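# Structure at a glance
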Amino acid sequence: MGDAARDRQDWQDAITNYGLALVLAPTNLPIRIQLGHVLKEAGRWSEAEAAYRLACAADPADAELRLHLGHVLKMQQRREEAIEIYLEALDIDPSLIIARNELIAMGGRDFLPKGQYGRPAISASLGRISGLLDQNLDAIREWLTVSTYPVEAYHNFRSTFPVQPPPAAAGSSLVVLIDAVDVDPDLLRLSLNSLLDQRDSNWTAVIRASANLHEHPVASYACQDSRITFISDDAKEPWPTQGPDLMLLTEAGCSLDCEAVGWLRYASERTGADVIYADHDHHTYDWRRGATYSRPALHAMPDIHDQTNTPDPPLSLLVRTVAHPLMVTFGAAAGSEWRRSILVNALASGLIVAHLPRILSSKRISDTATMVHAPSTRKSTRCTDSNERILVIIPTRDQADILRSCLDSLKEKLSNPQAVDVLVIDHRSTEADALNLLSERVLSGDIEVMKVDEPFNWGRFNNLAATRQNHDIFVFANNDIEFLTQGWDDVVRSSLADEAVGIIGARLLYPDRTIQHAGIAMGINQGRPVHEGVGADMASGGPMNRWCRPRQASAVTGALMAIKRSIFEAVEGFDERLAVAYNDIDLCLRIREAGFRVLYEPRLEAIHHESKTRGHNVDDARVAWDDGELADMYDKWGEAMLHEPGKNPHWVSVGSRAHDGYRDLSMSQILHHLDRSALINPWVIRQEKTKME
């Protein structure tokens, strides 16, 4: 009877009959396992967990039982326990692919033993390929998964995949300018040796060095090779006569890959870009064991916000010297900040800036050096109008407690309460507590209420609220938001004072203070958009501190976003056909299409009790609706739903994690990214709107 109920998906009847069967046969393991299965299907996860744990105790050698237990723990959002159980399953059966893939999808790649990634795993995967087409396709997918190197195995990745030579390039004149002011001679020696080892030898070098280095043995490099020249540290121009076509800026302590000059020259000729930057990393060095690589700086598409705030500006920067007069003279400071200022000025001036996704340089660091990621404390220098009126729009239905918390935190954290109004959209509230709360707050003057008596449509509700008002800025907020930022209204005004910025999104945290949203990345989870940083500790900066600093994003969540009224009206608000999901992403894509930037602003921070009102997509009907709206988005936006300009192609995405590990790139992947990056503002949506075949 339990089996029959299970087959017709009557989970409650199946639970009852399997339970009765176990009363008669309490040691029958298959029945206990079936009870765990139907409890899981019924959403009774804690009871399913208990059944699976009893089954695991009865059969300690069954890896699949631990797989089922891991699934239930994952559904309860008990990540660390689920990872531990999946690892137990892999210990029992290393070939249990599902357990390994679940582990990777939950961000546990770093826990995998050596045999589960890298070349050993590639060999094992390829060995499983059979002659049948379906099996071959499975093996290829398997190869793509296990050939990824986890974040903690960066040195292994770097050592396994040396930079391959570029296509042939012509001989444009190129000067390598090395800043060696106030540095140790051994660091300059490292850079000069790497320069002499270049496979493309068509270069000259100018070394800007302190007076003491002119008398040091390191200066003898200029005597040994006529391509090398030393100049004083107070020189304003690196050459007395007409400059070269191309200038490669770097610093002492930077070891250039032997293909660096060739790749940068080729990228310049291919794209015609005025400025080109590449990726780099850091290394320690032992004379017996060689270099140990770490801390990769894997950049994204050109973005002025990213380059202004990144803690690690490009280590190798190629400049076409005719592009900008300031680029052939020294600024007040050389080194990394000079390269940063050149790159930022080029982006601000509308010059063509391209990104070459090749790790072409590595900076020597002390073996005790560490990089600390901390939330950005950058202060805005823009002139803002503190009297710009802000309207906060909050849809709600019942749930008085969470709405009260939202309204209280909103008001308590304001810098200028007189310039902020709150409009609550009441969607058919019936609970007495909620109705009393709304009435009290209206009488006190804290809020206005707009009642909407029609089926739920988040985009339409917000459009109705926005069209009835006359404010400078709209802030769209869910009712389950708790504001954390003191003076959040100043942050909104300051961020939107940049004329290039169209909309901003907040850094959202779960109640346990782990990250819930740090910008949205496109095309990650089987082509779906995902929130970055989900589940990471709030102190975690992510790759290159991206979760703690303002940067351009493909999209931001509508749970808390702010937009200029003029831009909201120009793009005609939310698409009301997207009633439940993706209306916020669609709005961001239209803003990018209009030429404005979508800005992730971590200084605007809040707790998000995610989907407390509407709930998660846990049943078939909600999943089907979500998939239908997602299909509409693909019909509308095509490739823009798959392209993520904020992610370096070296990063591999697995499940909902955009930065799960590293992969080597094919020539076509390198050139596709390079060509796309050389567009004027590659974040603007252009031809992507054509539907993919």
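Please refer to the structure placed before this passage.
Here's what I pulled together on the structure shown here.

### A look at the overall build of the protein
Counting secondary structure elements, the protein contains 24 helices and 24 strands. Across the 693 residues of the protein, 54% fall into the buried class. The contacts in the protein between residues at least 6 apart in sequence include a share of 75% that link residues at least 24 apart.

### Some words on the packing of helix α6 (residues 79–92) against helix α7 (residues 97–105)
With their axes 9 Å apart at the nearest point, α6 and α7 run at an angle of 150° to one another. When the interaxial angle is binned, α6 and α7 end up roughly antiparallel. Crossing handedness for the pair α6 and α7: left-handed. Taken together, the residues of α7 that come into contact with α6 (itself represented by Ile83, Tyr86, Leu87, Ala89 and Leu90) are Ala99, Arg100, Glu102 and Leu103. Taken together, the residues of the contact of α6 with α7 sort by class into seven nonpolar, no polar and two charged.

### Describing the environment of arginine 158
Tracing the sequence through the fold places arginine 158 in helix α10 (residues 154–160). A residue is classified by how much of its surface remains accessible, and arginine 158, at 10% relative accessible area, is buried. Sequence-wise, arginine 158 and isoleucine 359 are 201 residues apart; in three dimensions their C-alpha atoms are separated by 8.9 Å. Setting aside its immediate chain neighbours within four residues, arginine 158 contacts Asp281, Tyr293, Ile359, Ser361 and Ser362. Polar side-chain contacts of arginine 158 include one of 2.5 Å to the side chain of aspartate 281.

### Details of the pairing of strand β16 (residues 501–509)
Among the nine residues in β16, nine count as buried, and that is most of the element. Summarising the sheet, β16 and strand β22 (residues 597–608) pair through eight bridges and their orientation is parallel. The residue of β22 that forms the bridge with isoleucine 504 is leucine 599. The sheet contact formed by β16 and strand β17 (residues 515–517) spans two bridges and is antiparallel.

### Some details on the nonpolar core
Counting 47 residues, the largest nonpolar core has Ile563 and Leu587 as the members making the most contacts within it. Aside from chain neighbours lying at most four places away, what touches isoleucine 563 is Ile473, Phe474, Phe476, Leu496, Gly502, Ile503, Phe568, Leu587 and Ile591. Grouped together as the second largest cluster of nonpolar side chains are 44 residues, Leu22, Ile83, Ile104 and Phe157 included.

### A look at the packing of aromatic side chains
Enumeration according to the criterion identifies 16 aromatic pairs in this entry. Summarising the aromatic geometry, the rings of tryptophan 263 and tyrosine 266 are spaced 6.0 Å apart at their centres and angled 80° between planes, so their arrangement reads as edge-to-face. Here tyrosine 266 and tryptophan 263 lie together in helix α14 (residues 260–271), a separation of three residues that amounts to about one turn. Their ring planes at 70° and their centres at 4.9 Å tell us that tryptophan 458 and phenylalanine 574 sit as a pair that is edge-to-face. Of this pair, tryptophan 458 sits in helix α19 (residues 458–467) while phenylalanine 574 sits in the loop between α21 (565–570) and α22 (583–593), and the two are 116 residues apart along the sequence. Residue phenylalanine 574 is classed as buried on the basis of its relative accessible area of 3%. Three or more aromatic residues joined by ring pairs make a cluster, and in this case those are Tyr149, Tyr154, Phe157, Phe161, Trp651 and Tyr662.

### Here we look at helix α5 (residues 63–75)
Here α5 contains 13 residues, and its C-alpha end-to-end distance of 19 Å stays within 8% of the 18 Å for a straight helix at 1.5 Å per residue. Buried within α5 are the following residues: Ala63, Leu65, Arg66, Leu67, Leu69, Gly70, His71, Val72 and Leu73. In this structure, the buried residues of α5 make contact with α3 (29–41), α4 (45–58), α6 and α7. For α5, the capping residue at the N-terminal end is aspartate 62, with a side-chain oxygen 3.0 Å from the backbone nitrogen of glutamate 64.

### Side note on the sheet that holds strand β1 (residues 149–150)
The strand order across the open sheet built from three strands is β1-β24-β23, with neighbouring strands paired in antiparallel fashion. Two strands in the sheet have a free side with no partner beyond their single neighbour: β1 and β23 (651–654). Note: β23 against strand β24 (residues 657–662), three bridges, orientation antiparallel. Residue pairing for β24: valine 652 is matched across the bridge by glycine 661.

### With respect to the pattern of salt bridges
Per the stated rule, a full pass over the model turns up 45 salt bridges. Across the pair arginine 109 and aspartate 660 runs a salt bridge, and its minimum N-O distance is 2.4 Å. Of the two residues, arginine 109 sits in the loop between α7 and α8 (118–127) while aspartate 660 sits in strand β24, which places them 551 residues apart along the sequence. Each of the two residues, arginine 109 as well as aspartate 660, counts as buried. Between arginine 528 and aspartate 626 there is a salt bridge, with its nearest N and O atoms 3.3 Å apart. With arginine 528 in strand β19 (residues 528–531) and aspartate 626 in helix α23 (residues 620–637), this pair connects stretches of sequence that are 98 residues apart. The class for arginine 528 is partly exposed, based on a relative accessible area of 24%. Here aspartate 626 falls in the buried class, since its relative accessible area comes to 12%. Residues joined by salt bridges that share partners form a network here, namely Asp575, Arg577, Asp586, Arg590 and Lys636.

Cut-offs used in this document
- Residues numbered from 1 in each chain as written.
- Predicted model: local features only at pLDDT ≥ 70, side-chain atom pairs only at ≥ 80, totals over all residues.
- Heavy atoms only, no water.
- Helix = DSSP H or I, 4+ residues; strand = E, 2+ residues; numbered from the N terminus.
- Buried < 20%, exposed > 50% of the residue type's maximum accessible area, 1.4 Å probe, protein only.
- Contact = heavy atoms within 4.5 Å.
- Axes fitted to C-alpha atoms, helices over the stretch in contact; angles between N-to-C directions.
- Parallel < 35°, antiparallel > 145°, perpendicular 65-115°, else oblique.
- Left-handed = near helix turned anticlockwise from the far one by under 90°.
- Nonpolar A, V, L, I, M, F, W, Y, C, P; charged D, E, K, R; others polar.
- Polar contact = N/O pair within 3.5 Å; in protein donor to acceptor, adjacent residues only side chain to side chain.
- Pairing = 2+ DSSP bridges.
- Core = buried A, V, L, I, M, F, W, Y, C linked by side-chain atoms within 4.5 Å.
- Phe/Tyr/Trp six-rings, centres within 6.5 Å; stacked < 30°, edge-to-face > 60°.
- Expected span 1.5 Å × (residues − 1).
- Salt bridge = Lys/Arg side-chain N within 4 Å of Asp/Glu carboxyl O.

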